[in-house]
Amino acid sequence: MTLPPRFGYAAPRSLDEAVRVLQARGDEAKVLAGGQSMIPLLKLRVGAPALLVDIQKLPGLDYVEESGGFLRVGALTRVAALCRSDLVRRKYQALHDASLTVADPLVRNLGTVGGNLCHGDPANDLPAVMLAMGGELVATGPAGARTVRADGFFVDTFTTALARDEILTEARVPSPPPRSGGVYLKVEQKVADFATAAAAVQVTLDRGSGCAYVGIGLAGVGATAIKAKKAEEAMAGREPTDRKAVAEAAGLAAEASSPVSDIRGTAEYKKRLVRLLVARGLEKAGERARRGAR
Ligand SMILES: Cc1cc2nc3c(=O)[nH]c(=O)nc-3n(C[C@H](O)[C@H](O)[C@H](O)COP(=O)(O)OP(=O)(O)OC[C@H]3O[C@@H](n4cnc5c(N)ncnc54)[C@H](O)[C@@H]3O)c2cc1C
């Protein structure tokens, strides 16, 4: 890595001011949060924004709280805060599992939840959880705040639904009802690596043991994080202990993935991982849902 190219720097103290700067500078400006993706990219000279708008001093964007039927996470919340949150560990297990697998403690202490989602890296861990849990993203721009569903947010590799002059202010997921459980399973080549393949699975059981809700998100196996919709549908009303149903859904999830062969493995290997991770994920999420039955 080399030194980053020369850039201007702004550190606005309010959200309004940050949005105004982004609006005024258009394509020249880029948001800087924890810098864990941005700084390496600059050092690699991938892009050379004329201005970095450092949002780390914006007030009120660092929180993890439950209200109005959602777990709400401020965009400037560090990934490490999710790891430490007792609420997240107890009720939002897929998010907790995933946050523990993001890189290493150094990156987790600096990297923000907003940055992890806005970077649009298909190998990042948190987007798959947002897809599995039916999450929403709140974007604030010159016209105010708007809400984007997670399944419309990850548009392409390194591209999200955010406009140039919008800042992600909150990520939120619905609070799971009783008889819910989630899990995030990731295969990585070495500790703290990006996913070779990973799956987030969220399940809510009905009064019997069938699935009333199934959400499945995949990481590292396509141009974006992937919502495996057909696999989710295949599990509707069926039990996560039903091996035939699980095998069918896992196969459909593998079909929904489109990995490429690279240093982490062949495309075929990664598809097989998806099949395995989704099958194990459905079983584990089902188990957690039964255990957590209230
Ligand atoms: C060694 C290493 C290993 C890593 N391993 C993993 C891993 O295993 N799993 C994983 O998920 N990630 C991994 N990462 C990536 C890391 O988690 C992300 O870089 C980090 O989460 C991004 O957050 P940030 O706050 O650092 O964002 P930044 O790097 O500051 O920004 C990233 C991008 O998001 C945009 N952005 C940031 N915040 C906002 C916002 N609120 N509104 C609008 N745009 C915004 C920026 O403009 C930029 O384009 C790794 C990174 C490193 C350096």
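Reading the values: the criteria
- Residues numbered from 1 in each chain as written.
- Predicted model: local features only at pLDDT ≥ 70, side-chain atom pairs only at ≥ 80, totals over all residues.
- Pairing = 2+ DSSP bridges.
- Helix = DSSP H or I, 4+ residues; strand = E, 2+ residues; numbered from the N terminus.
- Axes fitted to C-alpha atoms, helices over the stretch in contact; angles between N-to-C directions.
- Contact = placed C-beta atoms within 7 Å.
- Near = placed C-beta within 6 Å.
- Nonpolar A, V, L, I, M, F, W, Y, C, P; charged D, E, K, R; others polar.
- Domains from an automatic or database assignment.
- Buried ≥ 20, exposed ≤ 12 C-beta atoms within 10 Å, placed from the backbone.
- Core = buried A, V, L, I, M, F, W, Y, C linked by C-beta atoms within 7 Å.

Q: How should the sheet that holds strand E3 (residues 51–54) be read in this particular structure?
A: Across a sheet, strands are paired by hydrogen bonds formed along the backbone, either parallel or antiparallel in direction. With respect to topology, 3 strands assemble into an open sheet ordered E1-E3-E2, the strand pairing being parallel. Unpaired on one side and paired on the other, strand E1 (8–10) and strand E2 (29–32) mark the two borders of the sheet. Adjacent strand axes in the sheet meet at a mean angle of 25° when their direction is disregarded. Of the strand pairs in this sheet, E2 and E3 are connected by 4 bridges, and their pairing is parallel. From the neighbouring strand, Lys 30 faces E3, where its bridge partner is Leu 52. Contacting E1, E2 and E3, helix H1 (residues 15–25) crosses the sheet at an angle of about 165° to E3.

Q: Help me out: how do you make sense of the site of the ligand in this one?
A: Neighbouring residues of the ligand: 30 residues in total, closest Gly 34, Gln 36, Ala 103, Gly 111 and Gly 115. When contributions to the shell around the ligand are tallied by element, the ones reaching two or more residues are E2, helix H2 (38–43), helix H7 (113–118) and strand E10 (167–174). If one sorts the elements of the shell around the ligand by residue count, H7 sits on top with 4 residues. Taken together, the residues of the shell around the ligand break down into 17 nonpolar, 11 polar and 2 charged.

Q: When you look at the domain arrangement of the chain in this model, what are you seeing that I'm missing?
A: Taken as a whole, the chain is organised into domain 1 (8–54), domain 2 (64–174) and domain 3 (180–291). Relative to domain 2, the C-alpha centre of domain 1 lies at a distance of 19 Å. Contacts between the two partners involve 13 residues from domain 1 and, on the opposite side, 15 residues from domain 2. Here the side of domain 1 that touches domain 2 takes 5 residues from H1, the largest share from any one element. Its residues assigned to classes, the side of domain 1 that touches domain 2 shows 6 nonpolar, 6 polar and 1 charged.

Q: What exactly am I supposed to notice about the environment of Val 274 here?
A: As for its placement among the helices and strands, Val 274 is situated in helix H11 (residues 267–291). Using a count of 31 C-beta atoms within 10 Å as the deciding quantity, one classes Val 274 as buried. Spatially, the C-alpha atoms of Val 274 and Leu 3 are 38 Å apart, while their sequence positions differ by 271 residues. Among residues more than four places away in sequence, those in contact with Val 274 are Ala 197, Ala 199, Leu 218, Val 221, Ala 253, Ala 254 and Ser 257.

Q: How should the pairing of strand E4 (residues 64–67) be read in this particular structure?
A: Within a regular strand, the side chains alternate between the two sheet faces. Pairing analysis gives 4 bridges linking E4 to strand E5 (residues 70–74), with the strands arranged antiparallel. By the bridge assignment for E5, Val 64 is matched with Val 73. Turn length for the E4-E5 hairpin, with the two strands adjacent in sequence and antiparallel, is 2 residues, and the turn residue Gly 68 shows positive phi of about 60°.

Q: How should I be thinking about the pairing of E10 in this particular structure?
A: With respect to burial, E10 is a largely interior element, 7 of its 8 residues being buried. The pairing of E5 with E10 spans 5 bridges and is classified as antiparallel. Bridge assignment links Gly 74 to a residue of E10, and that residue is Glu 170. Bridge count between strand E6 (residues 136–141) and E10: 5 bridges; the pairing is antiparallel. The partner of Glu 136 across the bridge, within E10, is Arg 172.

Q: How do you make sense of the sheet that holds strand E7 (residues 144–149) when you look at a structure like this?
A: Read across the sheet, 5 strands follow the order E4-E5-E10-E6-E7 without closing on themselves; strand pairing throughout is antiparallel. The open sheet has two edge strands, E4 and E7, and neither has a second partner. The average undirected angle you get between the axes of adjacent strands in this sheet is 25°.

Q: Got a minute to help me understand unusual backbone geometry in this structure?
A: Most peptide bonds take the trans form, and the phi angle of most residues other than glycine is negative. Of note, Arg 45 is a non-glycine position whose phi angle comes to about 60°, a positive value. For Arg 45, the location among the structural elements is in the loop between H2 and E3. The residue Ala 192 is not glycine, and still its phi comes out positive at about 75°. Of note, Ala 192 is situated in the loop between strand E11 (180–187) and strand E12 (197–205). Classification of Ala 192 as partly exposed rests on a count of 13 C-beta atoms within 10 Å.

Q: Please explain the nonpolar core as it appears in this structure.
A: Grouped together as the largest cluster of nonpolar side chains are 88 residues, with contacts concentrated most on Ala 94, Val 129, Val 201, Ala 253 and Val 278. Examining the composition of this core, we find that 8 residues originate from one element, H11, more than from any other. Residue contacts for Val 129: discarding those within four places in its chain leaves Ala 94, Leu 95, Ala 98, Tyr 184, Ala 200 and Gly 217.

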